[in-house]
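Overview (structure and organization)
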Amino acid sequence: MFKRYKSLSSERKRELFFQGFPRSTVRNELKSFHTLSRFVLSSGPLRATPAVKRSKTTHFEIEILDAQTRRQICIVDKMTQTSTIHDVKQKFHKTCPKWHPSRIGLQLECGGHFLKDDITIKTMAASSIVTLYFTDLGHQVSWITVFLAEYTGPLLLYLLFYMRISYIYDKKESSRRLRHPVIHLACFCHCIHYIRHLLETLFVHKVSGGHTPLKNLVKGCAFYWGFTCWIAYYINHPRYTPPSFGYRQITVSAINFLICEAGNHFINVMLAHPNHTGYNACFPSPSYNPFTWLFFLVSCPNYTYEIGSWISFAVMTQTLPVGIFTLLMSIQMSLWARKKHKFYLRKFNSCMHRKSAIIPFIL
């Protein structure tokens, strides 16, 4: 009797609680609540969302002044620490389109060295504002254009003289006199020399993407083209006299010329593709190729082979213009070699003992 009363009272309370709600709605809500409770309990404790760390980037303002008048040209802003001088030149060109990036020369102080394109802002910034001085470098040309022009001209000009065009030599005199074999050999050697230079410029040498003033192109072309015309005029002249010691002198000189040309090529290939022995920066070491063994004696064997080629050509042709050209080239390459040798001594001191710059045991 008591249990029956208790069950009736509980049913009465339940009816009072759910009064005004349909039974189907109540059942669905109970099932949903039960499912949600199980999901929350199984998910474990709530984890706090990690705070996103925002890195503070330092920006610099580059004030660019005219190196002569000290007047402000523009301000290049929003430059980061990793930005380079190349990036500054690109933004400067967008602000002042009349100056191409190749014409822009930037200095930390007036009269100082021009900053290289790979220098970063953080290496020279003492504060958030950096002052640079601008100099217009004039019309610029790429280095590969300079090399191609310097080597293409002599190749074509020599062939014009070799064909003995009528407006250069007397036609009757040219037809009367037979050409000595050394004239054909000299043309072959001269063409081989400059064809090698052209192919190495295009496919071997890692020519930098930098530029040089237009006047350097003019000076280089005037030097190479002018001497080529002078040399070719003498060698291909109808009255040209062959070497004093005849074919023996020609043969020995021609063989030595070809050896030097081959050695120069192999050295240039090795300099363009050095062998890395565990570390990137290493002085080129000789390989099994005997043409590279000159590295044991000198630090710039490519210049040694180049001078050897021209000395052989001068002995083979026995002409004064070739001798003068060889002398001037030897002086210039000796200066380049000594400059490189000093650089190698600073960088690879342990590898440079008992080595000369260009001539073994002498220079």
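No experiment lies behind these values; they were computed from the predicted model shown.

Quick word on the sheet that holds strand β1 (residues 60-66)
Either a parallel or an antiparallel arrangement is found when strands of a sheet pair, and the pairing is made through backbone hydrogen bonds. Overall, mixed pairing links the four strands, which are arranged β2-β1-β4-β3 in an open sheet. Edge positions in the sheet fall to β2 (72-79) and β3 (104-107), since each of these pairs with one other strand and no more. Along the sheet, successive strands turn relative to each other by an average axial angle of 30°, direction set aside. Of the strand pairs in this sheet, β1 and β2 are connected by five bridges, and their pairing is antiparallel.

So, the packing of helix α6 (residues 181-203) against helix α8 (residues 246-272)
The geometry of α6 relative to α8 is characterised by a closest axis approach of 11 Å and an angle of 5° between their N-to-C directions. The angle between α6 and α8 falls in the class roughly parallel. Of the residues in α8, those in contact with Pro181, Val182, Leu185, Cys189, Ile192, His193, Arg196 and Glu200 of α6 are Tyr247, Ile250, Ala254, Phe257, Glu261, Asn264, His265 and Asn268. Class assignment of the residues belonging to the contact of α6 with α8 gives a composition of nine nonpolar, four polar and three charged.

Let's talk about the packing of aromatic side chains
Taken as a whole and assessed by the stated rule, the structure comprises 24 aromatic pairs. Pairing tyrosine 303 with tryptophan 336 gives two aromatic rings, centres 6.1 Å apart and planes at 45°, and the pair type is tilted. With a gap of 33 residues between them, tyrosine 303 in helix α9 (residues 301-317) and tryptophan 336 in helix α10 (residues 320-347) connect regions that are remote in the sequence. In this structure tyrosine 303 comes out as buried when scored by relative accessible area, which is 13%. With a centroid separation of 4.7 Å and an interplanar angle of 70°, the aromatic rings of tryptophan 310 and phenylalanine 325 are classed as edge-to-face. Of this pair, tryptophan 310 sits in helix α9 while phenylalanine 325 is found in helix α10, placing the two residues 15 residues apart along the sequence. One residue, lysine 98, lies across the ring of tryptophan 99, its end atom 4.5 Å from the ring centre.

With respect to the environment of threonine 212
Structurally, threonine 212 is set in strand β6 (residues 211-213). Along the chain, threonine 212 and arginine 103 lie 109 residues apart, while their C-alpha atoms are 9.2 Å from each other. Beyond its immediate sequence surroundings of up to four residues, threonine 212 is in contact with His139, Gln140, Val141, Trp143 and Val146. Of note is the side chain of threonine 212, whose polar atom sits 2.6 Å from the side chain of asparagine 216.

Observations regarding the pattern of salt bridges
For the structure shown, the criterion picks out five salt bridges. The salt bridge partner of glutamate 200 is arginine 196, with a shortest N-O separation of 3.0 Å. Note that glutamate 200 and arginine 196 are positioned in helix α6 at a spacing of four residues, about one turn of the helix. Residue glutamate 200 is classed as buried on the basis of its relative accessible area of 1%. One salt bridge connects glutamate 261 with arginine 196, and the closest N-O pair in it is separated by 2.6 Å.

Considering the side chain of glutamine 107
Locating glutamine 107 in the fold gives a position in strand β3. At a separation of 2.7 Å, a polar atom in the side chain of glutamine 107 contacts the main-chain carbonyl oxygen of glycine 112. If sequence neighbours within four positions are ignored, glutamine 107 has contacts with Ala67, Gly112, His113, Phe114, Leu115, Thr131, Leu132, Tyr133 and Thr135.

What to know about the confidence of the model for the chain
Caution is warranted with low-pLDDT regions, since their predicted coordinates should not be read in detail. On average, residues of the chain score 82 in pLDDT, and 80% of them are at 70 or above. Segment residues 1-8: pLDDT under 50, and zero contacts once partners within four positions in sequence are set aside and those in other chains are kept. Overall, residues 276-280 carries pLDDT values under 50, and its contacts beyond four positions in sequence, including any with other chains, amount to zero contacts.

Observations regarding the nonpolar core
Judged by nonpolar contacts, the single largest core of 46 residues is most densely connected at Phe313 and Phe325. Counting only elements with at least two residues in this core, the list comes to α4 (143-162), α6, α7 (214-235), α8, α9 and α10. If one sorts the elements of this core by residue count, α6 sits on top with eight residues. Not counting chain neighbours up to four residues away, the residues in contact with phenylalanine 313 comprise Ala186, Cys189, His190, Ile231, Ile235, Phe257 and Val322.

Points about the layout of surface pockets
Its volume calculated, the largest pocket comes out at about 1800 Å³. Phe147, Asn302, Tyr303, Trp336 and Lys340 are, among the 45 residues lining the largest pocket, the residues nearest its centre. Among the secondary structure elements, those contributing two or more residues to the lining of the largest pocket are α4, α6, α7, α8, α9 and α10. It is α10 that contributes the most residues to the lining of the largest pocket, 10 residues altogether. Split into classes, the residues belonging to the lining of the largest pocket amount to 24 nonpolar, 13 polar and eight charged.

Criteria and cut-off values
Residues numbered from 1 in each chain as written. Predicted model: local features only at pLDDT ≥ 70, side-chain atom pairs only at ≥ 80, totals over all residues. Heavy atoms only, no water. Pairing = 2+ DSSP bridges. Helix = DSSP H or I, 4+ residues; strand = E, 2+ residues; numbered from the N terminus. Axes fitted to C-alpha atoms, helices over the stretch in contact; angles between N-to-C directions. Parallel < 35°, antiparallel > 145°, perpendicular 65-115°, else oblique. Contact = heavy atoms within 4.5 Å. Nonpolar A, V, L, I, M, F, W, Y, C, P; charged D, E, K, R; others polar. Phe/Tyr/Trp six-rings, centres within 6.5 Å; stacked < 30°, edge-to-face > 60°. Buried < 20%, exposed > 50% of the residue type's maximum accessible area, 1.4 Å probe, protein only. Lys NZ or Arg CZ within 6 Å of the ring centre and 35° of its normal. Polar contact = N/O pair within 3.5 Å; in protein donor to acceptor, adjacent residues only side chain to side chain. Salt bridge = Lys/Arg side-chain N within 4 Å of Asp/Glu carboxyl O. pLDDT = per-residue confidence, 0-100. Core = buried A, V, L, I, M, F, W, Y, C linked by side-chain atoms within 4.5 Å. 1 Å grid on protein atoms, 1.4 Å probe; cavity = no way out; pocket = protein on both sides within 12 Å on 5 of 7 lines; lining within 4 Å. Points joined across faces, edges and corners; volume = space filled by probe spheres on them.

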